[in-house]
Protein chains: 2
Amino acid sequence: MNTDSQTEITDDNLARQRLRLWLQMLKATRHVEGVLRDELRSGYDTTLPRFDVLATLHATPEGMKMSELSTHLVVSNGNVTGVVDRLVSEGLAERTNMESDRRAFLVRITEKGRVLMDEMTANHLEWIDKLFADVTETDAARGISIMLDIRRKS
Amino acid sequence: MNTDSQTEITDDNLARQRLRLWLQMLKATRHVEGVLRDELRSGYDTTLPRFDVLATLHATPEGMKMSELSTHLVVSNGNVTGVVDRLVSEGLAERTNMESDRRAFLVRITEKGRVLMDEMTANHLEWIDKLFADVTETDAARGISIMLDIRRKS
DNA sequence: TTTGAAAAATTGATATATAAAGTAAATTTT
DNA sequence: AAAATTTACTTTATATATCAATTTTTCAAA
């Protein structure tokens, strides 16, 4: 048991510093999402969730299961169902039945989706590069490490 | 104009590293939000957006305008309207007309809200402290600095 | 001081999101 | 192998979110 008052104060300060980091993460994330959302809407008439799913499929041309998509994007299962529904109706993605497991679907990007994403991902990289212009390579590496540390917990 | 091929490769690597940071920020943020959401629902039968607004009001007992709330939380104006509506109907927040500007409202936490938040914020600090347990004080400071750098852009 | 533009909120339409319940298929248990 | 679980996904209900349009007020300029 920790009964040392100096240590308690130190622990409390650390906790508050961690809280500050969390609040700043939230603000920064929402800020970036806002900019990306504007670019996607004005330039491509699409939304961030659709882009996120399609970008994932673009990076994995062999396709993914619905559950793999939701795990990768850290969103709920039902959420992915709806977004993929719209992508399919727009002809940008396709659902294929899996012969190995008839409960599951293999979701894949279509040729139309691939062509679109070839262009969009290049722009996306530029948007991020501008937004993160003040972040050095060292800081980026450190930031990535911190984010991984956070996600490792519970 | 940059025509040096070595520099181009370096720039490209940096851009890709920044993109990696962004993707990890998104994942970490969603992970933490998921944990907080679960705690708030199971422990207090409330939601993350409601908590975020109420926590802001709790930290500013003199109250804030709707637009100040939305700016602070980096969400849209219409969004805040709805969340505050529910907080008011639950008796946790109140709207007051501003004599200085009849277009605006002053939103304040109620006594009932304050009592509730006194307890919730303490728990919230603990949840974050656990989730960020692997983040040292130095890393937290660096992380905060990185987040501020990002938000300063555009 | 009247006109015009900007600011503060709300509203309505649409798209996300989650949670919980439900369906169907695959696995594990007994 | 029949029963109980688990897994993969969808569906429904509800709560966020954004955007665009609208209302009301304020502010600035002619």
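For the structure, see preceding data.
Residues numbered from 1 in each chain as written. Chains lettered and ligands numbered in written order. Predicted model: local features only at pLDDT ≥ 70, side-chain atom pairs only at ≥ 80, totals over all residues. Heavy atoms only, no water.

*Asks:* With reference to specific residues and values, describe the interface of chain A and chain B.
*Replies:* Each partner contributes to the interface: chain A provides 54 residues, whereas chain B provides 55 residues. Here chain A meets chain B over a buried area of about 5,800 Å², counting both sides, of which 65% is carbon and sulfur. Of all residues in chain A, the largest losses of buried area upon contact with chain B belong to Arg18(A), Trp22(A) and Arg30(A), amounting jointly to 12% of the total for that side. Applying the counting criterion to the chain A and chain B interface returns eight salt bridges. (Contact = heavy atoms within 4.5 Å. Buried area = accessible area lost by both parts, 1.4 Å probe. Salt bridge = Lys/Arg side-chain N within 4 Å of Asp/Glu carboxyl O.)

*Asks:* A description of the relation of the copies chain A and chain B should follow, citing residues and the corresponding values.
*Replies:* Once chain A has been moved 0.0 Å along the axis and rotated by 180°, it coincides with chain B to within an RMSD of 0.1 Å. This pairing of chains is accounted for by a two-fold axis. Of every C-alpha in chain A, the one belonging to Gly143(A) sits nearest the axis of rotation, 3.1 Å from it. Taken as a fraction of all interface residues of chain A, those also at the interface in chain B reach 100%, which identifies the copy contact as same-surface. (Least-squares fit on C-alpha atoms with pLDDT ≥ 70 in both.)

*Asks:* Give me the lowdown on the packing of aromatic side chains, citing residues and values where you can.
*Replies:* How two aromatic rings sit relative to each other is given by the distance of their centres and the angle of their planes. Going through the model one piece at a time under the given rule, you end up with two aromatic pairs over all chains. Centre to centre, the rings of Trp22(A) and Phe132(B) are 6.3 Å apart; their planes meet at 70°, and the pair counts as edge-to-face. With one member in each of two chains, Trp22(A) in helix α1 (residues 5–44) and Phe132(B) in the loop between α5 (111–131) and α6 (137–152) form a pair that bridges those chains. Here Trp22(A) and Phe132(B) have matching classes, each one buried. Here Arg95(A) stacks its cationic end above the ring of Phe105(A), 5.6 Å away from the centre of that ring. (Phe/Tyr/Trp six-rings, centres within 6.5 Å; stacked < 30°, edge-to-face > 60°. Helix = DSSP H or I, 4+ residues; strand = E, 2+ residues; numbered from the N terminus. Buried < 20%, exposed > 50% of the residue type's maximum accessible area, 1.4 Å probe, protein only. Lys NZ or Arg CZ within 6 Å of the ring centre and 35° of its normal.)

*Asks:* Please give an account of the sheet that holds strand β1 (residues 64–65) of chain B that cites residues and values.
*Replies:* Residues and elements named next belong to chain B. Spatially, three strands are ordered β1-β3-β2 in an open sheet, and the strand pairing comes out antiparallel. The two strands at the open ends of the sheet, each matched to only one other strand, are β1 and β2 (93–97). Note that β1 and strand β3 (residues 105–109) share two bridges and pair antiparallel. Across the sheet, Met64 pairs through a bridge with Val107, a residue of β3. Of the strands in this sheet, β1, β2 and β3 touch helix α2 (residues 48–59), which is tilted by about 90° from β3. (Pairing = 2+ DSSP bridges. Axes fitted to C-alpha atoms, helices over the stretch in contact; angles between N-to-C directions.)

*Asks:* How would you summarise the packing of α2(B) against helix α4 (residues 77–89) of chain B if you had to cite specific residues and measurements?
*Replies:* All names here are of chain B. Running from N to C, α2 and α4 point in directions that differ by 80°, and their axes come no closer than 10 Å. For the element pair α2 / α4, the angle class is roughly perpendicular. The residues of α4 that touch α2, namely those facing Pro49, Arg50, Val53 and Leu54, are Val83, Val84, Arg86 and Leu87. Here the residues of the contact of α2 with α4 are counted per class, giving six nonpolar, no polar and two charged. (Parallel < 35°, antiparallel > 145°, perpendicular 65-115°, else oblique. Nonpolar A, V, L, I, M, F, W, Y, C, P; charged D, E, K, R; others polar.)

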